[in-house]
Structures are given as C-alpha cells and as structure tokens.
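A closer look at the structure
Below, each chain spelled out in residue letters.
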Amino acid sequence: MTGADPIEGLRLDRVSRRFGTTAALRDVSFHVPPCALAVIVGPSGCGKSTALRTVAGFESPDAGRVLLDGLDVTRVPPERRSAAMVFQHYALFPNLDVAGNVAYGPRVQGVEAAPRATLVREMLELVGLAGLDLRRPHELSGGQQQRVALARALAARPKLLLLDEPLSNVDPSLRRDTRTRLRTLHEARGVTTLWVTHDREEALAVADIVIVMRAGEVVQSGSPREVCESPATTFVAEFLLDANVLPPSAAKAFLSLATDEVVAARPDHVGLERIADDSAPLRVVTVAYGPVRTEVVCEGVLAASGETFRVRSHVDTDALPPGLRAGAPVRAFVRPADLLRFRR
Ligand code: ADP
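Structure report, in brief. Keep in mind that this is a model prediction, so the values were computed, not measured.

1. Overview of the packing of aromatic side chains
Following the criterion strictly, the structure yields 4 aromatic pairs and no others. On the numbers, 5.9 Å between centres and 40° between planes, the contact of F58 with F87 is tilted. One end of the pair, F58, is in the loop between helix 1 (48-56) and strand 4 (63-68); the other, F87, is in the loop between strand 6 (83-86) and helix 2 (98-108), and 29 residues separate them in sequence. In this structure F87 comes out as partly exposed when scored by relative accessible area, which is 29%. Look at F235 and F239: their rings are 5.6 Å apart centre to centre, the planes differ by 10°, and that puts the pair in the stacked class.

2. Regarding unusual backbone geometry
One non-glycine residue with positive phi stands out, namely D69, at about 45°. By the element assignment, D69 lies in the loop between strand 4 and strand 5 (71-72). For A215, which is not glycine, the phi torsion reads 45° and is therefore positive. Within the secondary structure, A215 sits in the loop between strand 9 (209-214) and strand 10 (217-222).

3. Overview of the pattern of salt bridges
The full count for this structure, using the stated rule, is 19 salt bridges. A salt bridge links D69 to K159; its shortest N-O distance comes to 4.0 Å. Of this pair, D69 sits in the loop between strand 4 and strand 5 while K159 sits in the loop between helix 4 (142-155) and strand 7 (160-164), and the two are 90 residues apart along the sequence. Its relative accessible area of 29% is what places D69 among the partly exposed residues. Put simply, R266 and D268 hold a salt bridge, and the shortest N to O gap is 2.7 Å. Assessed through its relative accessible area of 29%, R266 is described here as partly exposed. Judged by its relative accessible area of 25%, D268 falls in the partly exposed class. Ionic contacts of the salt-bridge type, sharing partners, join the residues R17, R53, E59 and D62 into one network.

How each quantity is defined
Residues numbered from 1 in each chain as written. Predicted model: local features only at pLDDT ≥ 70, side-chain atom pairs only at ≥ 80, totals over all residues. Heavy atoms only, no water. Phe/Tyr/Trp six-rings, centres within 6.5 Å; stacked < 30°, edge-to-face > 60°. Helix = DSSP H or I, 4+ residues; strand = E, 2+ residues; numbered from the N terminus. Buried < 20%, exposed > 50% of the residue type's maximum accessible area, 1.4 Å probe, protein only. Salt bridge = Lys/Arg side-chain N within 4 Å of Asp/Glu carboxyl O.

Now the structure itself:
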C-alpha cells in the first residue's frame, strides 16, 4: 500500500537499518495509538536509539516505512514531521534564558509575540518551572534542565513527542518523582509519545505500551501487564521480570519439577526452605537484606553436566526462614501455577 494508511498514531512498518555489518534494526514493526505513551526498552545496543532517530527522521531506514497519522513520512525531513525530540543531553541553547529556549519553536513557527509569551508561561507552569523564565541553562539542576527541554519540545505543539533516555541526567534520587511528573504531564497533554530507556522499572512504571527490543528486533509489545504476565520469550522473562530460567534438567534437580519445557519463575515466586541435609541440591550464595523483601541467591551444580545454575528468590523479609546465610543448604520450590513455560 502507498500513501494514506488508515491507522492513526505512529506506526513502524518492517523497518530495517544496517551500519556496516551491524543490523541495528531488523524488520521492526510497532504501533503507538494516538495519545498513548509507548516505551522502547532493551539492553544497550539493541537498537532503541536507532528506532527513535528513525522516527524523528535523523536516520533513513534501508527498508520499511514510518507512518504518522496515516501519512508515510519515511522520506520527510525531521523538521517537517511534527515530531519533537528531547535528547539525552538536553541540548538547550546555553545563551538563551529559559523563556527564550521554550519560545524557540513557536518563534520559528511564526507565532506572534503575545500568544508566544502566553504559550511559554503555560508550558513553564505545566512542567513546574513558573518563575524561572530568566535563568540560563547553567543555573539549573539536571532535572530542571530536563523539564525546560520538555517544555521547549511541547511548546512546538508536536503530534509526536520523542524522549531519549529522559531521566539519565536527572539525579537518581529525583528520578522516580520526575518520571511520575512526566507521566502526569503526558496525561494532561495527551501527545503521542515514544520514550526510550534501558531501565525496565522505568518502562513498566510509565508506559501504556512496552516495546521490548533485543538485537535489532522487537521481541514483544503490549501493556506492562500483558508483557509481564505472558512474556513471549525467556529473554523477556529474564529482562523484565528477573525470572529464573531453567531447562528441564535443572528444573528437576533444583525445583523438584518434572517438565518437558523450559520453565521460568519470578524471584518472588521461589520459596526457600533451610534443610539439614548436606546433599541438598542448592546452597545460599548471598543474602541481600531489604526492608520489604530480602533477595537470596542460591547456586547448584547439575551432576550430569557439571553446569552451575543460580536460583534467585525474593523472600518476604517478615517471613524470612531462619538460618538462611551464605553456605546454607536449601531446597527451593515454586507452585506449578506460578511457572512460566517456554517451548524454546
Ligand atoms: P541502543 O540505543 O539500544 O543502545 P543503538 O540504536 O544506539 O542501540 O545501536 C544499535 C546498534 O547499531 C549497536 O550495535 C550500535 O553500535 C550500532 N550503531 C548505532 N549507530 C551507529 C552508527 N552511526 N554507526 C555505526 N554503528 C552504529
């Protein structure tokens, strides 16, 4: 099909991009409905930034299409895509004050002085920076600069907001708060948003749609709940849930489970019992105390192959079984209903 496409919002249709021998994007397709916030998440080097830059128009795909509200924008230059990108390093204009930075887009678009000033005021209120109009970027904290960059992007009234690791330069202690603010802001503005991060907790916390990438491919997309309840692959289970992935032989040895399939179990689904028997299949390696949950990592060796496996358990700290310390022999168990199963 060419030209108009009936699907609104943002759609990537079988996009591929190579850099020399590296396939940064392989047949990448996804859809972000209008007003939704989608987050691309995956380990470093999986193609997240390339996907975002392709949507923005800074990269041209070798194959495939980018569609915005039904229009094929694959060959449209960045400034004509109605998309605003907030870069990891906010790239604010250092010689302009906050108001000047936010007014930049509307000025280029020819918005007149009076409505422009109103828009700037609205945007600064929206991001919680009212009154800081005259500061220069270097007089602001990382989190404040991030919000100026966001206000500047929104002031251009884009159809699509693109955020590249928006919290990476925000002080770690402020990240949760800033991420909640961004989510609230998204709800207030309703701009279709594509956000890129390597942080799974951030992705699950803010997204309407999570797009999980690995080695240039989309391995799964869906609501945070969908991808967590039904991870499509063992990679998704490990990456998003920190799940213990065990082949049938290890499931039998370490969880006393007879199964033909590869199984995965979330750490909070793995129960532990201290046993006296020195022939126990698992031993505790580390115990990391937490006020709510304590993480216990155990290790066992598969007799047949000599392979070492780790089993991670998150135990309710209030119900921590006695005697769980490094070196202690333990038995692990998972309720069959809690297991995720994979054909591999
Ligand atoms: P991510 O954002 O997930 O860390 P990127 O999209 O930046 O991943 O990169 C995906 C792959 O493409 C990586 O292997 C990276 O080294 C490679 N790559 C990205 N941009 C370029 C480039 N301009 N030249 C060569 N290789 C690149």
